[in-house]
Amino acid sequence: MAAALAPGVAPVRARFLTSKEQFHAYLRAGGEEEEEEEKEEKKEEEQVSEPPAKRVKAEELGQDGESQGNAGEEGKERPEKKRARGQNKSRPCMKPNCYEQSRLCPSVTQGCGGQCHFGPRCRFLHDVSQYLAAKPADLGQRCVLFDTFGRCPYGVTCRFGQAHLGDSHQNLVNAALVQQWEGKVLVRNGLSKELQQQLRKRKFSFHKAEEFLRGLRAGKGGKATGSSTEVSNCTDPQEGLRDSPVLQEQGEDPRPEALQSSQGADGAPKPEVLPHSQRADGALKPEALQNSQGAEGTPKPEVMQSSRGAEDTPKPEVLQNSQGAEDAARPEALQNSRGAEDAPKPEVVRNSQGADGAPSIPTLGPLTDEDITKLRPCEKKKLEIQGKLYLAPLTTCGNLPFRRICKRFGADVTCGEMAVCTNLLQGQSSEWALLKRHHTEDIFGVQLEGAFPDTMTKCAELLNRTINVDFVDINVGCPIDLVYKKGGGCALMTRSNKFEQIVRGMNSVLDVPLTVKIRTGVQEKVNVAHKIIPRIREWGASMVTLHGRSREQRYTRSADWAYIAECARLASPMPLFGNGDILSYEDANRAMQMGVSGIMIARGALIKPWLFTEIKEQRHWDISSRERFDILKDFTNFGLEHWGSDTQGVEKTRKFLLEWLSFLCRYIPVGLLEHLPQKINERPPYYLGRDYLETLMASQNVDDWIKISELLLGPVPPSFTFLPKHKANSYR
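Criteria and thresholds
- Residues numbered from 1 in each chain as written.
- Predicted model: local features only at pLDDT ≥ 70, side-chain atom pairs only at ≥ 80, totals over all residues.
- Heavy atoms only, no water.
- Helix = DSSP H or I, 4+ residues; strand = E, 2+ residues; numbered from the N terminus.
- Buried < 20%, exposed > 50% of the residue type's maximum accessible area, 1.4 Å probe, protein only.
- Areas by Shrake-Rupley, 256 points an atom, 1.4 Å probe, with all protein chains shown as cover.
- pLDDT = per-residue confidence, 0-100.
- Contact = heavy atoms within 4.5 Å.
- Salt bridge = Lys/Arg side-chain N within 4 Å of Asp/Glu carboxyl O.
- Disulfide = S-S within 2.5 Å.
- Core = buried A, V, L, I, M, F, W, Y, C linked by side-chain atoms within 4.5 Å.
- Phe/Tyr/Trp six-rings, centres within 6.5 Å; stacked < 30°, edge-to-face > 60°.
- Polar contact = N/O pair within 3.5 Å; in protein donor to acceptor, adjacent residues only side chain to side chain.

Chemist: I'd love a proper account of the overall build of the protein chain, names of residues and values included.
Modeler: What the protein chain contains, in helices and strands, is 35 helices and 10 strands. Burial analysis of the protein chain (732 residues in total) assigns 55% to the buried set. Summing over all exposed atoms, the protein chain offers an accessible surface of approximately 32,300 Å²; the carbon and sulfur share of this is 49%.

Chemist: Tell me about the confidence of the model for the protein chain, and please be specific about residues and values.
Modeler: Averaged over the protein chain, the pLDDT score is 77; the fraction of residues at 70 or greater is 67%. Segment residues 45-81 is flagged for pLDDT under 50; beyond a separation of four residues in sequence, or across chains, it makes 46 contacts in the model. Per-residue pLDDT stays below 50 along residues 224-361; that stretch engages in 255 contacts with residues further than four places along the chain or on separate chains.

Chemist: Give me the lowdown on the pattern of salt bridges, citing residues and values where you can.
Modeler: Within this structure, the stated rule accounts for 23 salt bridges. In this structure, R437 and D470 form a salt bridge, with 2.7 Å as the shortest nitrogen-oxygen distance. One end of the pair, R437, is in strand β4 (residues 437-438); the other, D470, is in the loop between α24 (453-466) and β6 (471-476), with 33 residues separating them in the sequence. The exposure class assigned to R437 is buried, which follows from its relative accessible area of 3%. On the basis of relative accessibility, which here comes to 9%, the residue D470 falls in the buried class. The salt bridge partner of R554 is D481, with a shortest N-O separation of 3.6 Å. Pair noted here: R554 is in the loop between β8 (543-547) and α28 (561-571) and D481 is in helix α25 (residues 481-484), with a separation of 73 residues, a long-range link. Since its relative accessible area comes to 28%, R554 is described here as partly exposed. Taken together, the shared-partner salt bridges connect D481, R551 and R554 into one network.

Chemist: Go over the state of the cysteines with me, naming the residues and quoting the values.
Modeler: Evaluated as defined, the whole model comprises zero disulfides. Here C158 is not cross-linked by a disulfide; its sulfur's nearest cysteine counterpart is in C143, at 3.7 Å. Look at C158 and you get buried, because its relative accessible area is 0%. The cysteine C421 is free of any disulfide, with C459 supplying the nearest cysteine sulfur at 5.5 Å. By relative accessible area, C421 is classed as buried at 2%.

Chemist: For helix α1 (residues 20-28), give the residues involved together with the corresponding values.
Modeler: All of the buried residues along α1 are K20, F23, H24, A25, Y26 and L27. One or two steps after α1, the chain reaches G30, where phi turns positive at roughly 70 degrees.

Chemist: Provide a residue-level description of the nonpolar core, including the pertinent values.
Modeler: In terms of nonpolar packing, the biggest core is built from 134 residues, with M506, I518, I533, L576 and I599 touching the most fellow members. Here the element with the most residues in this core is helix α33 (residues 647-664); it accounts for eight residues. If we ignore the near neighbours within four places in the chain, the residues touching I518 are V476, G477, M493, A529, I533, I536, V544, T545, L546 and H547. Grouped together as the second largest cluster of nonpolar side chains are nine residues, L104, C105, C122 and V156 included.

Chemist: Talk me through the packing of aromatic side chains; I want residue IDs and the actual numbers.
Modeler: For the structure shown, the criterion picks out 12 aromatic pairs. A centroid spacing of 6.1 Å and a plane angle of 50 degrees characterise the contact between Y26 and Y692, whose relative ring orientation is tilted. With Y26 in helix α1 and Y692 in helix α34 (residues 692-697), this pair connects stretches of sequence that are 666 residues apart. Overall, Y692 belongs to the partly exposed group, its relative accessible area being 25%. Between Y390 and F471, the ring centres sit 6.0 Å apart and the planes meet at 85 degrees, which makes this aromatic pair edge-to-face. One end of the pair, Y390, is in strand β2 (residues 389-391); the other, F471, is in strand β6, with 81 residues separating them in the sequence. Of the two residues, Y390 and F471, neither departs from the other in class, the shared state being buried. By way of ring pairs, the aromatic residues Y390, F471 and F577 are connected into one cluster.

Chemist: Could you give me a rundown of the environment of E524, with the residues and numbers involved?
Modeler: Among the secondary structure elements, E524 is positioned in the loop between β7 (514-519) and α27 (529-539). E524 gets classed as partly exposed once you look at its relative accessible area, which sits at 30%. Sequence separation between E524 and Q553 is 29 residues, and the spatial gap between their C-alpha atoms is 6.0 Å. Aside from chain neighbours lying at most four places away, what touches E524 is S550, E552, Q553 and R557. At 2.6 Å, the side chain of E524 forms a polar contact with the side chain of R557.

Written out as structure tokens, the structure is:
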């Protein structure tokens, strides 16, 4: 009982408490009592080998810039005194394709074996029989892709292939299911090959961003054309096409031809022209948009549906063609859509000039009020999420399958993982994958990290024209050294001029709201957020999220909610969301009483994703181990849908499952606690659960996590290795 009441340790009931040796002996025995001789042997083993995660501190502290002088005294110190902290920076990097020696050519998998573009130079196998001879055994008798969609695109490479392969290894198809899903888009915001080539060859034009940067270089202090200086409470009577059911379902965006046709000869948006390009996402009626944008840029729902076939048909060839039109207009399309600037005809110029003679958008038919009325900053689409539950952008663990789990449990707002703007501008596929949006994510944003106004503004314009999101968030809270030392993340709080230029620049090129996530400050006892937040409001941000810790604190000690309340008062009328230490509905209720507009949940969702249900239903959920295992099963199914059911997809799903298990093991079942609720910074002691599976899920040993993954995804490959991202998460 004394151990349960020790400071920093969760209060588990005495009858469930056990020692470290008994805990692992119980798991090794599969829930049965172990023989006495085995107990003695394992006890000696554990004295030598456990817990190596604590020894990681002595072996690897030098990487974090701390002393290694006590490395030789590790045996004399009790590892519980000081836990290892920071990242495992030298952990082995085993990519999923390392687990497959012989891979089948994708052209064969897709059923077009005679059309391999590389011919004899192709380094993959084209002989199906040779591939199957070396292919590992199937992991199960049912394929989630075949059961859900009626067809598995991975064919013979699927690790559950026996569910949908015929006698001659042909891929079977369930026509009824295929027809049911035909025309529906599950995941949006992909990167087309055409756009990727444009980005890599630097042929993508950033007209609005360049206009802002020209004003910046001219000494305007970041207050370029189109940037908003204040957030007011006025509303637009028509809430724009993005709120219409058709566009919400299809994920439609204005075509780039329309955006580029709204720019002047030098690629800069004119003052009277800028409203039209913004209102394509804002508040114009379809007929008004037709008058203001011309034939190429007409974003009527039915026209946009036909122009973005990629959003409706998940065929690879259609996706590439339709995204090319959406992301990067072809040269002839650009020429046609920009004819007014490149080769102005006299009658077109006369019709498209404003009162001061500046060239505007070529129009069809009579001018309307919308053509000549400038869009005010307050008429920009607003982010109405006050009082909603916001799932934080979580690096590594906040992937699309995990967000689907949280949406099912009641998360209202989701955000993609932090994406580095320079990587997006270079067209890196791995970075663009972080922007993908599932169709169930009704309110979805992306988070960008960067240190300079040129790259951040260009990236914002790129995303504004190519993907479908409801808001864009700037990461000013990332504490890791890799980001901080380059001037991004928390470092922007100390670089106010660059910070202002980034916010103003991004706000000037975005048609969706811009939000900012910050911490209390950089140094532990020097809070600066209260000084920065009123300025962020003036720069044009629509919302701020404040994590109640400084960079130096990282995740130690409790979040300062009194300071968050003070900042919420200063931020008004701009919404401010609070973040930090929310693991129960009582924590959420106390947070809302602080005057914040809403709460963001990060680690709490990783430890127990059903937290959103607890908050909405105002109860503690004593969830059983079987229910928790079903959640893991759903995650693996979502992962196989997202990453694939071949060897690479299975191992990638396993990797992210293990990363998530490093947080799930911190959960203590409600029925085992001495008193409620569990605190997020309380360390769980060794305890035996109410059944074997509950005890297994409480283990912080990597080998036990791997055992859980094998229950879901079959045995690991022979060369498999895993080390969690954070040192304090586990040992093995």
